[in-house]
Structure formats: structure tokens, C-alpha cells
Amino acid sequence: MISTAAPPPGRSQDRSAPAQGAPECARGYERELGWPTTGSDPVELLTGVAFDVLELPAVAGFALLRRVPRTGPVAVEGPRMRLLVAAGSADELPGLLDWLEWGGVPLDLTALGAGGRITAPCPSASWPPPGEPGAAGGRCPQEAAVWLRPPEPGGGVEPTLPVTALGGDGDAPDLVRLVGAAATECHRARLLRARTLPGQRRAGKR
């Protein structure tokens, strides 16, 4: 299901000021990257403002990252992987899947856009910068969201996010190629799961 809900009423999308009483982690995201957060605990990042998110099974995501060495920021939380893409990309996903002839195929590939939110990943070794509140050093729960490819503050994150235009911008691939590769790996992961089920059933009957 694609999230295209409108932002919650009354919530400002002003990215210049941290939320009142927000934890230091939220202030770090808002100050260093200009990304709006909920200011809650755990901190959540709002999608559809600075970026949208493609979400897929982590097993398919790791295969995707081997095929696509350069992307925008990437995070993982439990069994799910999240790839940051340009704001507005969530609305493009259904049409892209149809154009790539994946329409109607159950892929477990979804998108979060306006009105969505994701758990803010734990700080990585490279972000926030050393000495900033929330910098690496504390332990993260095993199930916590973590950065695999962290954003780089001050380096202009948004221009490097995959966009629909063929050829992409910066170091990221264009959205068409990224979605095509993601759909392929999601389909492969589903086929592999289906193949293992009969053997698992036989093993369970012994």
C-alpha cells in the first residue's frame, strides 16, 4: 500500500526550527540535515517533506545494494530496509511499476510519502559529527533502526536522492533504475521463499 496521506492537521512543515522540547537526537536531525521530526521518543522522521522512502524486505534490499553500489541514504529496521528517495517519488511508484511491467505482481515493495513517518535510525560512526549530541558511542537496541548508508550533513543530501529523471543526479541512480532493481530483487526473494516451503513442510512431518 502506498502512503499518500496529507500531513497531520496543524503540523508545521517549517524545517528551520526544532520541535519544542524535542530530544537531542531530533535536534541533531533538524539542525544538521534540516529534516523535520516528530520530537517524540523514539524520534521519527517525517516523510514527504525532504524525502520519500522506498521500503522492501531486508533480504531483497541487501541484494539490491550489491547491484546498486551508490544510492541515497539507506536504513534498516528489523526485517525491513528503507531507501531514501526524492520527495514526491511515492506518488510515482505505482506508475513506474506498471511501466516496468511489474504492475499486479506481489512484490512487498511499498513507499512512504506525504503524511508518513519512519523511526529515526540510531547515530552511525559518521553521523552525527563527533561531539554533536547523539553522536556514536552509546549502544543501540538490536531491533533499532540503523543507517547502512548514512546521510552526510553539509554535503547536500537532497540533491543526491534518486529522482524520476533518467540518469539521476549526484551519485545516486535515477528512480526508474532503482525501482526496477528493487522490484527484481523483491520478486527473487519471494520465489526463493516459495521454493523453501515444500522442504520445510516435509521436514516438519518427520
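Being a predicted model, the structure only gives us computed values, none of them experimental. (Residues numbered from 1 in each chain as written. Predicted model: local features only at pLDDT ≥ 70, side-chain atom pairs only at ≥ 80, totals over all residues. Heavy atoms only, no water.)

Draft legend 1. Main features of the pairing of strand β2 (residues 52-57). In terms of burial, β2 is largely enclosed, as 6 of its 6 residues are buried. Pairing geometry for β2 and strand β4 (residues 80-85), over 6 bridges, is antiparallel. Paired with Pro57 across the strands is Arg80, a residue of β4. The sheet contact formed by β2 and strand β5 (residues 110-112) spans 3 bridges and is antiparallel. Across the sheet, residue Val53 finds its bridge partner in β5, namely Leu112. (Buried < 20%, exposed > 50% of the residue type's maximum accessible area, 1.4 Å probe, protein only. Helix = DSSP H or I, 4+ residues; strand = E, 2+ residues; numbered from the N terminus. Pairing = 2+ DSSP bridges.)

Draft legend 2. Here's a closer look at helix α3 (residues 89-99). Buried within α3 we find Ser89, Ala90, Leu93, Leu96 and Leu97. The arc that holds the buried residues of α3, viewed along the axis, is 95 degrees, so those residues lie on one side. Exposed positions of α3 whose direction lies more than 90 degrees from the buried face are Asp91, Asp98 and Trp99. Looking one or two places after α3, you find Glu101, whose phi comes out positive at around 65 degrees. (Arc of directions from axis to C-beta.)

Draft legend 3. Just the confidence of the model for the protein, in detail. Looking at the protein, pLDDT values average 77 and 68% of them are 70 or higher. When pLDDT is averaged over each helix and strand of the protein, the minimum, 80, is found for helix α4 (residues 175-205) and the maximum, 98, for β2. Taken together, the stretch residues 1-22 has pLDDT below 50 and engages in 42 contacts with residues farther than four places along the chain or on a different chain. (pLDDT = per-residue confidence, 0-100. Contact = heavy atoms within 4.5 Å.)

Draft legend 4. The arrangement of the side chain of Arg82 in detail. With respect to the secondary-structure elements, Arg82 resides in strand β4. In this structure Arg82 comes out as buried when scored by relative accessible area, which is 12%. A distance of 2.6 Å separates a polar atom in the side chain of Arg82 from a polar atom in the side chain of Glu77. Among residues more than four places away in sequence, those in contact with Arg82 are Val53, Leu54, Glu55, Pro73, Val74, Ala75, Glu77, Ile118 and Thr119. (Polar contact = N/O pair within 3.5 Å; in protein donor to acceptor, adjacent residues only side chain to side chain.)

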